[in-house]
Amino acid sequence: MSPVYSTTFAVLGIKPEPYAVAPILSARVGIAALGEDPVHAIALRAQVRIEPYRRTYTDEESAGLADLFGPRERWQDTQRSFLWMHCATMIPGFNGGTEVDLPMPCTYDFEVTGSKYLHALRGGTVPLIFLFSGTVFFKGQTGFAVQQIPWDREDKFDMPVSVWQDLVAAHFPNSGWVRLSRDTLDGLAAYKSGHGMLGFDDAVTHLLASSAEEIP
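Residues numbered from 1 in each chain as written. Predicted model: local features only at pLDDT ≥ 70, side-chain atom pairs only at ≥ 80, totals over all residues. Heavy atoms only, no water.

Turning next to the overall build of the protein chain. Of regular secondary structure, the protein chain possesses 7 helices and 8 strands. In summary, the protein chain has a C-alpha radius of gyration of 23 Å against a globular reference of 17 Å for 216 residues, an excess of more than 25%. Of the contacts made within the protein chain by residues no fewer than 6 positions apart, 72% connect residues no fewer than 24 positions apart. Counting only carbon and sulfur atoms, one obtains 55% of the accessible surface of the protein chain, whose full area is about 12600 Å². (Helix = DSSP H or I, 4+ residues; strand = E, 2+ residues; numbered from the N terminus. Rg over C-alpha atoms; globule rule 2.2 N^0.38 Å. Contact = heavy atoms within 4.5 Å. Areas by Shrake-Rupley, 256 points an atom, 1.4 Å probe, with all protein chains shown as cover.)

Shown next, in the form of structure tokens:
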């Protein structure tokens, strides 16, 4: 009979990956596998979700979250757990327990719900839940065998907002990223050129100023 493993996971910390070309967070995950034989490898996957109802918000943060959840008086009905990302890694063999780094590729695209939410936060923590899945490979009596990670393996972690802010500051210093349609981009480029402006930032700033003057 093949050995049966009880595998558990705990998120120990999250930090920015300092030398990555693209913005990536690194989650330190502790793993315990109770079985008769060493684990040969684990193909680990994780769904990372944000649980916004697990923290409070200032009035400034509330204004920034209006696009996601509506006015504060509706939050009891509109604040639900939502997907932030999927991530995965291969874990080499170990016996009993180990700690590994789980890469978490991030985007600063404001069309993505997670980025909108994180951009609105000014302090405190980001309430995360990691839902783990994947496959455990081990050497049984008749050769290598596999065992699926149980569906109920999860762990909650409150990531400091400063971790996200440090990541964004390193890759997008004093800037952001907004997705535009091709027609909108072409129109903005024509406006920029027609007014003799050097950059898109100048064009958008000019348009915002003109709009503000028209509002009584």
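Moving on to the side chain of Glu-51. When you line up the elements, Glu-51 lands in the loop between strand S3 (39-50) and helix H1 (59-64). Within polar-contact distance, the side chain of Glu-51 engages the side chain of Arg-54 at 2.7 Å. Contact partners of Glu-51, with chain neighbours within four places excluded, come to Ser-81, Pro-127, Ile-129 and Lys-156. (Polar contact = N/O pair within 3.5 Å; in protein donor to acceptor, adjacent residues only side chain to side chain.)

Turning our attention to the confidence of the model for the protein chain. Scored by pLDDT, the protein chain comes out at a mean of 88, with 92% of its residues at no less than 70. Here helix H7 (residues 200-214) stands out as the least confident element of the protein chain, with mean pLDDT 79; strand S8 (residues 154-160) is the most confident, with 98. (pLDDT = per-residue confidence, 0-100.)

In the structure shown here, the tally under the stated rule is 0 disulfides. Here Cys-87 stays free of any disulfide, with the sulfur of Cys-106 as its closest cysteine sulfur at 9.2 Å. (Disulfide = S-S within 2.5 Å.)

A complete count under the given rule lists 8 aromatic pairs for this structure. Each ring, one from Phe-9 and one from Phe-132, has its centre 4.9 Å from the other, and the planes form 25°; the classification is stacked. Taken together, the positions of Phe-9 in strand S1 (residues 6-16) and Phe-132 in strand S6 (residues 125-140) put the pair 123 residues apart, joining distant regions of the chain. Phe-9 sits in the buried class, given a relative accessible area of 7%. (Phe/Tyr/Trp six-rings, centres within 6.5 Å; stacked < 30°, edge-to-face > 60°. Buried < 20%, exposed > 50% of the residue type's maximum accessible area, 1.4 Å probe, protein only.)

Within the structure shown, the criterion is met by 10 salt bridges. Note that Glu-61 and Arg-55 form a salt bridge whose closest N and O atoms lie 3.1 Å from each other. Of the residues examined, Glu-61 reaches a relative accessible area of 2% and is grouped as buried. For Glu-60, the salt bridge is made with Arg-122, and the minimal N-O distance between the two is 3.1 Å. Note that Glu-60 is positioned in helix H1 and Arg-122 in the loop between helix H4 (113-120) and S6, a separation of 62 residues in sequence. Residue classification places Glu-60 among the exposed positions, given a relative accessible area of 51%. On the accessibility criterion, Arg-122 (45% relative accessible area) is partly exposed. Because the salt bridges share partners, they merge into one network encompassing Glu-51, Arg-54, Lys-156 and Asp-158. (Salt bridge = Lys/Arg side-chain N within 4 Å of Asp/Glu carboxyl O.)

Here the focus is the nonpolar core. In this structure, Ile-14, Trp-84, Met-104, Tyr-117, Phe-130 and Met-159 are the most contacted members of the largest nonpolar core, which totals 48 residues. Residues contacting Met-104, with those up to four places away along its chain left out, are Ile-14, Pro-23, Ile-24, Leu-25, Ala-27, Val-48, Trp-84, Met-85, Cys-87 and Phe-130. (Core = buried A, V, L, I, M, F, W, Y, C linked by side-chain atoms within 4.5 Å.)

A few words now on the environment of Thr-107. Along the chain, Thr-107 turns up in the loop between strand S5 (97-105) and H4. A C-alpha to C-alpha distance of 11 Å links Thr-107 and Trp-164, two positions 57 residues apart in sequence. Apart from residues lying up to four places away in sequence, Thr-107 is in contact with Val-112, Ser-115 and Trp-164.

Another aspect to go through is the sheet that holds S1. Read across the open sheet, the 3 strands follow the order S1-S2-S5; overall the sheet is antiparallel. Two strands in the sheet have a free side with no partner beyond their single neighbour: S1 and S5. Along the sheet, successive strands turn relative to each other by an average axial angle of 25°, direction set aside. Strand direction decides the pairing type here: strand S2 (residues 24-34) and S5, joined by 9 bridges, are antiparallel. (Pairing = 2+ DSSP bridges. Axes fitted to C-alpha atoms, helices over the stretch in contact; angles between N-to-C directions.)

On to the environment of Gly-96, then. Among the secondary structure elements, Gly-96 is positioned in the loop between strand S4 (82-94) and S5. Excluding residues within four positions of it along the chain, Gly-96 makes contact with Ile-31, Ala-32 and Ala-33.

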